[in-house]
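As a plain string of letters, each chain reads:
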Amino acid sequence: MFAPLYQNTILKNPKSIFILLILILISFGYYSKDFRLDASSETLLIEGDPDLEYLREITDRYGSKEFLVLTYTPNEPMVSDTSINNLLSLKYKIQSLDWVHSVITLLDIPLLNNSDAPLQERLEGFKTLKDEEVDRERGFKEILDSPVFRNFVISINGKTSGIIVNIKRNTELENIENKTSREIEEIKDKIKKQNHQNILEIREVIKSYENVGKIYLGGIPMIADDMMTFIKSDIIVFGIGVLLFIIATLWFVFRKLIWIIVPISSCFFSVLIMTGLLGLLGWKVTVISSNFIALMLILTMAMNIHMSTRFLQLRKEFENKSSFEILSLTTGKMFWPILYTVLTTVCAFLSLIFSGIKPIIDFGWMMTFGLITSFLITFTLLPTLLNFVPSKNISIKEEKDSKITNALGRLSLNNKNSIFGVTIAVIILSIFGISKLEVENSFINYFDKDTEIYKGMKLIDEELGGTTPLEVIIKFPDNEVSENEDEDDFEDWEDEEVGNNEKYWFTKDKIDKIKSVHNYLDNLPEIGKVLSFSSIIEVATQLNNNKPLGSLEMGVLYSKIPENIKTEIIDPYISIEDNEARINLRIIDSQKDLRRNDLINQINYDLENKLGLDKSEFKLAGVLILFNNLLQSLFKSQILTLGLVMIGIFGMFLVLFRNIKLSLIGVVPNFIAAFFILGIIGLLEIPLDMMTITIAAITIGIAVDNSIHYIYRFKEEYQKIQNYDETLKTCHSTVGVAILNTSITIVFGFSILVLSKFIPTIYFGVFTGIAMLLAMISVLTLLPSLILKIRPF
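The present account deals with the structure reproduced in this document. (Residues numbered from 1 in each chain as written. Predicted model: local features only at pLDDT ≥ 70, side-chain atom pairs only at ≥ 80, totals over all residues. Heavy atoms only, no water.)

1. Concerning the side chain of Thr 373
Then comes step 1: For Thr 373, the location among the structural elements is in helix α12 (residues 358-388).
Then comes step 2: On the basis of relative accessible area, Thr 373 is assigned to the buried category, the value being 13%.
Then comes step 3: Excluding residues within four positions of it along the chain, Thr 373 makes contact with Ser 270, Ile 273 and Met 274. (Helix = DSSP H or I, 4+ residues; strand = E, 2+ residues; numbered from the N terminus. Buried < 20%, exposed > 50% of the residue type's maximum accessible area, 1.4 Å probe, protein only. Contact = heavy atoms within 4.5 Å.)

2. Quick look at the side chain of His 306
Then comes step 1: With respect to the helices and strands, His 306 occurs in helix α10 (residues 292-317).
Then comes step 2: Looking at His 306, the relative accessible area reads 6%, which means it is buried.

3. What about unusual backbone geometry?
Then comes step 1: Phi is positive for Asn 151, which is not a glycine, with a value near 65°.
Then comes step 2: Among the secondary structure elements, Asn 151 is positioned in the loop between α6 (136-145) and β4 (161-167).
Then comes step 3: A positive phi angle is found at Glu 685, which is not glycine, with a value near 60°.

4. Comments concerning the packing of aromatic side chains
Any two aromatic rings considered together are summarised by their centre-to-centre distance and by the angle between their planes.
Then comes step 1: As enumerated under the stated definition, the model contains 28 aromatic pairs in all.
Then comes step 2: Consider the rings of Phe 230 and Phe 447, whose centres lie 6.0 Å apart with planes at 45°: the pair is tilted. One end of the pair, Phe 230, is in helix α8 (residues 220-254); the other, Phe 447, is in the loop between α15 (416-435) and α16 (452-463), and 217 residues separate them in sequence. Of the two residues examined, Phe 230 and Phe 447, each falls in the buried class.
Then comes step 3: Between the aromatic rings of Phe 335 and Trp 336, the centroid separation amounts to 5.2 Å while the plane-to-plane angle is 80°, which identifies the pairing as edge-to-face.
Then comes step 4: On the basis of relative accessible area, Phe 335 is assigned to the buried category, the value being 17%. (Phe/Tyr/Trp six-rings, centres within 6.5 Å; stacked < 30°, edge-to-face > 60°.)

5. Quick notes on the pattern of salt bridges
Then comes step 1: Inspection of every chain in the model, using the stated rule, returns 27 salt bridges.
Then comes step 2: Arg 61 is the salt-bridge partner of Glu 57, the closest N and O atoms lying 2.9 Å from each other. Here Glu 57 pairs with Arg 61, and both are found in helix α3 (residues 50-62), just four residues apart, close to one helical turn.
Then comes step 3: Under the relative-accessibility criterion, Glu 57 is labelled partly exposed at 39%.
Then comes step 4: The partly exposed category is assigned to Arg 61, whose relative accessible area is 28%. (Salt bridge = Lys/Arg side-chain N within 4 Å of Asp/Glu carboxyl O.)

6. A word on the packing of helix α24 (residues 695-721) against helix α28 (residues 782-790)
Then comes step 1: At their nearest, the axes of α24 and α28 sit 11 Å apart, and the two run at 35° to each other. Every pair of crossing elements has a handedness; the one defined by α24 and α28 is right-handed. Contacts between α24 and α28 pair Ser 707, Tyr 710, Ile 711 and Phe 714 from the former with Leu 783, Pro 784 and Ile 787 from the latter.
Then comes step 2: In terms of residue class, the contact of α24 with α28 is built from six nonpolar, one polar and no charged. (Axes fitted to C-alpha atoms, helices over the stretch in contact; angles between N-to-C directions. Left-handed = near helix turned anticlockwise from the far one by under 90°. Nonpolar A, V, L, I, M, F, W, Y, C, P; charged D, E, K, R; others polar.)

7. Structural notes on the sheet that holds strand β3 (residues 100-104)
Then comes step 1: The strand order across the open sheet formed by four strands is β3-β4-β2-β5, and the pairing between neighbours is antiparallel. Two strands close off the open sheet at either side, each with one partner strand: β3 and β5 (213-218). Ignoring strand direction, the axes of neighbouring strands in this sheet form an average angle of 20°.
Then comes step 2: Most of the contacts of helix α4 (residues 81-95) go to β3, to which it runs at about 165°, and overall it touches β2 (67-74), β3, β4 and β5.
Then comes step 3: Here α16 sits on the sheet in contact with β2 and β5, set at roughly 100° to β5. (Pairing = 2+ DSSP bridges.)

8. Let's talk about the pairing of strand β10 (residues 580-587)
Then comes step 1: In terms of residue burial, β10 counts as a mostly covered element, since eight of its eight residues are buried.
Then comes step 2: In β10, alternate side chains face the same way, and those of Glu 580, Arg 582, Asn 584 and Arg 586 on one face and Ala 581, Ile 583, Leu 585 and Ile 587 on the other are all buried.
Then comes step 3: Note: strand β7 (residues 468-475) against β10, eight bridges, orientation antiparallel. When the bridges of β10 are listed, Leu 470 appears paired with Leu 585.
Then comes step 4: Two strands pair when backbone bridges link them, and strand β8 (residues 527-531) and β10 are joined in this way by three bridges, in the antiparallel orientation. When the bridges of β10 are listed, Val 530 appears paired with Leu 585.

9. Considering α6
Every α-helix carries 3.6 residues per turn, so stepping three or four residues along brings you back to the same face.
Then comes step 1: Listed in full, the buried residues belonging to α6 are Gly 139, Phe 140, Glu 142, Ile 143 and Leu 144.
Then comes step 2: For α6, the side-chain oxygen to backbone nitrogen distance between the N-cap and Glu 137 is 3.3 Å, and the N-cap itself is Asp 135. (Polar contact = N/O pair within 3.5 Å; in protein donor to acceptor, adjacent residues only side chain to side chain.)

10. Brief notes about the packing of helix α2 (residues 14-31) against α12
Then comes step 1: In contact at an axis separation of 9 Å, α2 and α12 are set at 130° when each is read in the N-to-C sense. When the axes of α2 and α12 are compared, the pair comes out oblique. Considering only the axes of α2 and α12, their crossing is left-handed. Residue-level contacts link Pro 14, Lys 15, Ile 17, Phe 18 and Leu 21 of α2 to Ile 377, Thr 380, Leu 381, Thr 384, Leu 385, Asn 387 and Phe 388 of α12.
Then comes step 2: Class assignment of the residues belonging to the contact of α2 with α12 gives a composition of eight nonpolar, three polar and one charged. (Parallel < 35°, antiparallel > 145°, perpendicular 65-115°, else oblique.)

11. Overview of the nonpolar core
Then comes step 1: Formed by 240 residues in total, the largest nonpolar core has its most connected members in Leu 521, Phe 533 and Tyr 710.
Then comes step 2: With 16 residues, the top contributor of residues to this core is α10.
Then comes step 3: Residues within four places of Tyr 710 in sequence aside, it is in contact with Leu 728, Cys 731, His 732, Val 735, Ile 739, Val 779, Leu 780, Leu 783, Pro 784 and Ile 787.
Then comes step 4: Counting five residues, the second-largest nonpolar core is a separate cluster that includes Ile 58, Tyr 62, Ile 473 and Ala 621. (Core = buried A, V, L, I, M, F, W, Y, C linked by side-chain atoms within 4.5 Å.)

Written out as structure tokens, the structure is:
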């Protein structure tokens with residue numbers, strides 16, 4: 001029923017179909033102008049993660065701004081006149097940019113130990129290193145010895161200093177309740193463009209100072225912006241690279257211009273229609289889906305090679321038939337195998353929807369729509385174009401049998417037991433490798449060692465106290481009252497104008513608790529700088545001639561400190577109205593053996609069991625927790641997805657071949673290839689990240705295509721030949737060649753990803769390529785050996 005309809009509408013009306021396709025291309029092409037990229041950190045978070053809500057709450061409560069960090073390593077000593085003047089001039093130059101809120105440098109730190117005046121006086125009229133009458137060496141030594149600023153604004157060796165550039169808050173995103181999602185997207189796009197402009201401006205400023213020392217830029221806004229730049233260049237490089245490579249493959253396979261033009265047109269139509277669709281739907285391409293165009297090109301190409309190869313084989317077999325008849329035969333014979341290859345690949349990509357991570361879900365949907373588009377184009381555009389070409393221009397020179405497929409065919413016929421032996425060894429090795437797999441997310445290792453992101457992060461890590469932030473919030477019981485001071489001691493202070501109870505908040509218990517947690521964290525090797533109220537107390541103790549302050553004195557001091565110092569130095573670490581304290585620390589991201597999940601579990605365990613805090617008395621928050629949640633959930637969901645992909649694909653094989661034995665034989669070679677690649681990643685001790693974790697599902701989905709084509713053809717030829725060995729030889733010299741050609745295209749297509757600047761993308765390309773190669777070899781050796789052994793027909 002379906003075949004006559006298809007022949008009458010599509011094959012018999014090439015001109016109308018071609019005009020219709022051109023109209024579709026133009027209308028979708030128009031929307032491709034709305035094709036957007038997104039590299040914000042929001043794209044990498046789990047939808048509805050309670051830790052994300054908590055982090056936002058903490059950020060509001062303790063007032064964190066968005067900031068950039070510069071590292072400044074001058075050629076001359078840090079406090080020489082030249083270095084200080086250069087630093088001042090750099091500070092004012094950055095301060096003059098209209099998006100900068102404030103710039104904090106070494107020269108803004110209050111020096112409280114620089115004179116012998118009473119403490120209150122020193123607090124109110126504090127000096128800094130930029131003041132004329134300050135003893136610079138003494139001031140510099142005070143900063144180097146400061147529990148707050150050492151390893152934070154200045155490196156321990158005093159050679160590198162950090163410059164914090166606070167960015168003005170963007171108020172546009174704060175009142176978006178009554179805006180449409182389109183308007184919100186426009187605001188976000190505007191903010192991204194603004195961010196990109198900001199980074200360019202600050203880099204220009206840095207460039208003009210490059211002769212005074214080494215200056216690197218760091219910070220989340222810069223990482224997001226650089227990732228955008230990487231994605232853009234990746235999309236262009238992959239697209240062009242894959243296209244050139246496909247042209248070369250087609251020339252190598254067919255040696256005729258028409259067989260380059262037809263498949264390339266299919267690729268062009270599919271990709272342009274798909275980018276238009278993404279623009280129309282407002283879906284953005286993220287780091288994870290940045291290789292989506294390259295994948296679409298590769299998969300459209302594979303469909304076209306199978307169709308073209310079959311068309312040419314039929315042309316040779318039935319020389320007297322017309323082009324229309326050959327096209328009807330080709331599309332008739334290829335419709336089901338190609339439909340099933342598309343469905344199995346869609347099944348693999350749709351499995352990514354269960355990851356719960358937005359960019360991975362989007363990637364799954366994008367590839368699903370992309371594959372459906374490619375399928376429709378392959379069955380409309382390819383036959384339409386071939387209809388226009390005179391038959392004499394279509395056929396290609398008599399092709400010699402492929403040496404590779406023939407060799408693999410002989411191997412399957414004569415060495416079945418060796419093939420089974422190797423397969424068992426591969427399975428054992430894979431299981432061992434998979435048992436060693438772990439997930440780990442190190443931002444610093446995502447970038448090439450030559451990129452500015454890497455150099456800046458490494459320096460901040462090693463000299464200025466680490467990069468990835470983590471917060472430990474300590475909650476105090478509501479009824480805690482100072483035990484060791486009698487209420488009477490407070491009587492003398494009653495006449496103070498401070499009538500509130502804030503000063504009574506500082507009890508010995510609270511201070512001790514903060515101090516013990518602070519010291520515990522400070523002693524962990526993975527942790528760089530730890531800042532908390534305990535650091536402030538340490539400074540106060542030093543200023544008090546090393547006499548510890550009682551909780552009473554702390555309370556009084558708190559009520560007397562000038563407001564501007566209070567908001568900058570104390571408010572970020574305690575919240576009296578919420579009765580809690582915040583300890584802010586940073587992880588040294590570039591440590592070789594850092595295991596983030598273990599570290600988080602260890603801190604949680606030790607706070608409860610070693611320091612005796614109750615579970616309800618502390619909570620961890622921060623970017624580190626969010627990324628760890630992301631990875632752990634990815635790992636779980638991938639195991640789930642792999643199971644789903646396998647069941648789904650096995651089910652499709654059952655429907656297609658209606659034979660349990662044959663379905664099992666069909667899926668085995670591909671599952672082995674996918675497991676083997678996970679095994680190799682485990683053996684090489686490469687931690688899985690958000691890109692490499694999707695390899696297994698994608699590999700199975702794409703590699704299964706070969707099995708379907710091979711078994712489908714074997715079944716068809718066996719009905720004619722009725723001899724297993726002869727059928728194997730025929731299949732290896734026909735469909736085997738198409739499988740070899742498409743696999744080579746896919747393997748080299750993925751290897752183009754090696755040109756990326758983003759390390760996970762490189763791994764993704766290399767490992768998927770290797771997996772495809774393994775899948776092809778097993779489909780042309782293990783699959784036929786299993787068919788000969790089990791004889792399912």
